[in-house]
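One letter stands for each residue in the lines below.
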Amino acid sequence: MKKMSLQWRLTCITTLCIAIICGCLTMFVYKNGVYYIDSLQKAVNAQSDDSADNSANDSEEIYISIPEDKWDEFANDFSVQVYNNKEDYKKNSLIISALLAVLGGVATYFISGHALKPLREFSNKIEEVQVQNLADSRIEESKIKELNQLSVSYNKMLERLQDAFEVQRQFTANAAHELRTPLSLMQVQLDLYHSTQHPGSDADTLQMIKMVTEQNDRLSKMVKTLLDMSELQTVGRDEQIIMDDLVEEVLEDLEPLAQEKNIKLIGNCKDITMVGSDILIYRLVYNLVENAIKYNHSGGQVTVTAYKEQKHIYLSVADTGSGIPKELRERVFEPFFRIDKSRSRKLGGVGLGLALVHEIVRVHDGSITVKSNPSGGTIFEVIFNQ
């Protein structure tokens, strides 16, 4: 069976089940017919005299000897017996046929399930495919003809995908590196300009220099984030991270920004440890808290919670801002997506902070969702499988 094709497996299983059911039905029909014929013979013998009864028992032939005065009674009883036999035969045939059909269906279900087990394993293997484990998702050669051809095509597709992702990553990294040089030169010139006095500059010139400085700073942040995103796959993710210490460090680093916005930062973290990249998890928490501060109301608060439950680590960042419309919650992780573009630019965002958060969660085999805060605002909840 192991070297048979899927088509032949299903053919053999179906043929075997049909043969078993037909054989059972044939045996039932034969046994049932013999039983009811014998019952008729007994009904006839019961009406005959003793001598006829004895001769009938000594031979395979049926002898009928009915006295004249008992003929009407015999005919009536015999017709009733024939009618009852017909009804019993029909009822028993239907019951046995239905029972055999059910048993045949159950047997086919389990037998075909065993035959299709390689296909189910193939499907489960495909479900586990992620961008970060393409190389480990190859499927070994199968002994089943159809699946073997499918495995070869699937492995070739993985190779093409891996090459495409690598080209994309390399292009992003190269582009970001190339952009850093002119941006750095522009920043040096701008710093030099700001370090000296220019009494002859008019208002338009000063406004233009200010605009160029702001945009250069914005582009520098964008390039840095693109570089970070392109290098996520190369960062080790086997460090022991003490979550409460990490969250406390993030809150201390962002305390000046929170004071400037009159935002209260609250840490509510259990003493838990997770395995991952300390640098990336720090950036994840930092981006979420910074985002919660920037888009919060004056006098609001940001609460960071971390705890472990069974085999999952839960991290949430809740703010008391205006919240995010339900229809836009999935899109906030798209690169360069902004809910309020004018406000985002005013706050200095480049539209990649949450996209980087999403990528960090993904490479750590986690998930992130956006929910409404019952107190008003938004909750970003991250779940890591540990």
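Definitions and cut-offs
The residue numbers shown here count from 1 along each chain, following its written sequence. Reporting in this predicted model follows two pLDDT cut-offs: at least 70 for local features of residues, and 80 or more for side-chain atom pairs to be given and counted; totals over whole chains, interfaces and linings ignore these cut-offs and use all residues. Only hydrogens and water are removed before side-chain values are computed, so all heavy atoms of the structure are retained for them. Numbered from the N terminus, helices here are DSSP runs of H or I no shorter than four residues, and strands are runs of E no shorter than two. We call two residues contacting when some pair of their heavy atoms lies within 4.5 Å. In short, Shrake-Rupley with a 1.4 Å probe defines the accessible areas, and a residue's cover is counted only from the protein chains shown. In this analysis, strands are considered paired if DSSP registers two or more bridges between them. A patch consists of residues exposed above 30% relative accessible area that lack any salt bridge, with like charges linked at up to 9 Å and nonpolar side chains (Val, Leu, Ile, Met, Phe, Trp, Tyr) linked at up to 5 Å. Salt bridges are identified by distance alone: a Lys or Arg side-chain nitrogen within 4 Å of an Asp or Glu carboxyl oxygen. Charged residues are defined narrowly, with Lys and Arg counted positive, Asp and Glu counted negative, and His plus the chain ends left uncounted. By convention, the charge on Lys lies at NZ, on Arg at CZ, on Asp at CG and on Glu at CD. Exposure is judged per residue with a 1.4 Å probe applied to protein chains only, and the accessible area is read against the type maximum: over 50% gives exposed, under 20% gives buried, and values in between give partly exposed. What we call a nonpolar core is a set of buried Ala, Val, Leu, Ile, Met, Phe, Trp, Tyr and Cys residues that are connected through their side-chain atoms within 4.5 Å. Axes here mean lines fitted to C-alpha atoms, for a helix over just the part in contact, with angles spanning 0 to 180 degrees between N-to-C directions. UniProt positions are given in the numbering used here, feature names are shortened, and annotations may be inferred rather than shown by experiment.

**Q** I would appreciate a short explanation of the overall build of the protein chain in the present structure.
**A** Across its full length, the protein chain carries ten helices and seven strands. Across the protein chain, the fraction of contacts at a sequence separation of at least 24, relative to all contacts at a separation of at least 6, is 70%. Element-wise, carbon and sulfur atoms account for 55% of the exposed surface of the protein chain, whose accessible area totals about 24500 Å².

**Q** What exactly am I supposed to notice about the pairing of strand 4 (residues 301-309) here?
**A** If a strand is regular, its side chains alternate between the two faces of the sheet. Across six bridges, the pairing between strand 2 (residues 264-269) and strand 4 is parallel. Considered in strand 4, the bridge of Gly267 is made with Val304. Judged from the eight bridges that link them, strand 4 and strand 5 (residues 312-319) form a sheet pairing that is antiparallel. Paired with Lys308 across the strands is Ile313, a residue of strand 5. The hairpin formed by strand 4 and strand 5 contains two residues between the paired strands, and Gln310 there has a positive phi angle of roughly 55 degrees.

**Q** Teacher, can you tell me more about a negative patch on the surface here?
**A** Judged by side-chain charge, Asp238, Glu239, Asp245, Glu248, Glu249, Glu252, Asp253, Asp271 and Asp278 come together as a negatively charged surface patch. No other element matches the five residues that helix 7 (residues 243-260) contributes to the negative patch. Along the chain, Asp238 falls in the loop between helix 6 (203-230) and strand 1 (239-242). Since its relative accessible area comes to 62%, Asp238 is described here as exposed.

**Q** What is the right way to look at the nonpolar core in this model?
**A** Ile281, Leu284, Val285, Val289 and Phe380 are the most contacted members of the largest nonpolar core, which has 43 residues in total. Where this core is concerned, the elements lending two or more residues are helix 7, helix 8 (278-294), strand 4, strand 5, helix 10 (353-363), strand 6 (366-372) and strand 7 (378-385). Considering each element in turn, this core owes the most residues, eight residues, to helix 8. Not counting residues within four places of it along the chain, the set of residues in contact with Val285 comprises Leu246, Val247, Val250 and Leu315.

**Q** Is there a simple way to think about the sheet that holds strand 7 in this case?
**A** Two orientations exist for strands paired in a sheet by backbone hydrogen bonds: parallel and antiparallel. The strand order across the open sheet built from five strands is 2-4-5-7-6, with neighbouring strands paired in mixed fashion. A single partner strand is all that each edge strand has here, and the edge strands are strand 2 and strand 6. The mean angle between the axes of side-by-side strands here comes to 15 degrees, regardless of whether they run parallel or antiparallel. Packed on one face of the sheet, helix 10 meets strand 6 and strand 7 and runs near 135 degrees to strand 6.

**Q** Please clarify how the environment of Lys294 should be interpreted in this entry.
**A** Relative to the helices and strands, Lys294 resides in helix 8. For the pair Lys294 and Ile263, spaced 31 residues apart in sequence, the C-alpha to C-alpha distance is 9.4 Å.

**Q** Explanation requested: a nonpolar patch on the surface in the structure shown.
**A** Among the surface-exposed residues, Val102, Val106, Tyr109 and Phe110 lie close enough to one another that they form a single nonpolar patch of about 460 Å² accessible area. On the secondary structure map, Val102 appears in helix 3 (residues 71-115).

**Q** Which parts of the structure should I look at to understand the UniProt feature "transmembrane region" (unreviewed entry) in the protein chain?
**A** Under the UniProt annotation, the feature "transmembrane region" (unreviewed entry) is placed at residues 12-30 and 94-116. Here residues 12-30 runs as 100% helix and 0% strand, with 27 Å between its end C-alpha atoms. The span residues 94-116 carries 96% helix and 0% strand; its end-to-end C-alpha distance comes to 32 Å.

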